[in-house]
Amino acid sequence: MMGIELVVGYLAAWAVRKGRRVAGRADQELDQALDAGMDRLHELVAGKLGGDPALERLALEGQSGQEPSERTRQRVQLALEDAADDDPDFGQTLRAAVDRLEELKQQGSAVTATGDAAGAVGGNVSIRADRGSAAAWSMGNVTLGTPPDPQQPSPQQG
């Protein structure tokens, strides 16, 4: 059985993209294909789960422009697992829809990166540090060398 959490991830991305699409649809061909694929996935799931409160909550949370909560994701995941167990044809159709999205994703573009520190890359990334430095995709405040004495006021504090 495919990872239903992947389906939930696509559904969350669909909801967030819908929320951010107010300014207009993407104009690149691949983005349009991804949008169409995620729309189809959502229609498939919505057709099966109907008015399931978990799916409705996922759409509301995502359309607010924020990543749906882990609890909401878990509820949708459980509903999808039950539906796929009860209806093997639905499970196969769901797998085909996700496989298509994965193919599109592999064509050079990440589907969506969401969250406060999200990043998306459509290729290889190499991050390294040398000569006593620090490197990361994203990092907060970093102090190299001897840490400051917490008893001494910082130069900004005067």
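The structure presented is a predicted model; accordingly, all values stated were derived computationally and were not measured.

It is worth spelling out the nonpolar core at this point. Residues V7, L11, L41, V45, L80 and L94 are the most contacted members of the largest nonpolar core, which totals 29 residues. Broken down by secondary-structure element, the contributors of at least two residues to this core are helix 1 (4–20), helix 2 (29–49), helix 3 (53–63), helix 4 (70–86) and helix 5 (88–106). Top element by residues in this core is helix 1. It accounts for nine residues. Apart from the residues lying within four places of it in its own chain, the contact partners of V45 are V7, L11, G50, L55, L80, F90 and L94.

Once that is clear, we can look at the pattern of salt bridges. One pass over the structure, following the stated rule, counts four salt bridges. Between E67 and R73 there is a salt bridge, with the nearest N and O atoms lying 1.9 Å from each other. Overall, R73 belongs to the buried group, its relative accessible area being 17%. The partner of R100 in a salt bridge is E103, with the nearest N and O atoms 3.4 Å apart. Of this pair, R100 and E103 both sit in helix 5, separated by three residues, roughly a single helical turn.

Examined against the element boundaries, V45 turns out to sit in helix 2. Judged by its relative accessible area of 0%, V45 falls in the buried class. For V45 and V7, which are 38 residues apart along the polypeptide, the C-alpha to C-alpha distance reads 9.2 Å.

Before going further, it helps to examine helix 5. With 19 residues, helix 5 should cover 27 Å at 1.5 Å per step; its first-to-last C-alpha distance of 27 Å lies within 8% of that length. Residues F90, G91, L94, A97, V98, L101 and L104 constitute the buried set of helix 5. In a view along the axis of helix 5, the buried residues occupy a sector of 150°, so they form one face of it. Those residues of helix 5 that are exposed and angled more than 90 degrees off the buried face are P88, D89, Q92 and Q106. Two to three positions downstream of the cap, the backbone nitrogen of D89 sits 3.2 Å from a side-chain oxygen, assigning the N-cap of helix 5 to D87.

Take the environment of S69 next. Its location among the elements puts S69 in the loop between helix 3 and helix 4. The exposure class of S69 is partly exposed, given its relative accessible area of 30%. For the pair S69 and L58, spaced eleven residues apart in sequence, the C-alpha to C-alpha distance is 8.0 Å.

Rules used throughout
- Residues numbered from 1 in each chain as written.
- Predicted model: local features only at pLDDT ≥ 70, side-chain atom pairs only at ≥ 80, totals over all residues.
- Heavy atoms only, no water.
- Core = buried A, V, L, I, M, F, W, Y, C linked by side-chain atoms within 4.5 Å.
- Buried < 20%, exposed > 50% of the residue type's maximum accessible area, 1.4 Å probe, protein only.
- Helix = DSSP H or I, 4+ residues; strand = E, 2+ residues; numbered from the N terminus.
- Contact = heavy atoms within 4.5 Å.
- Salt bridge = Lys/Arg side-chain N within 4 Å of Asp/Glu carboxyl O.
- Expected span 1.5 Å × (residues − 1).
- Arc of directions from axis to C-beta.
- Polar contact = N/O pair within 3.5 Å; in protein donor to acceptor, adjacent residues only side chain to side chain.

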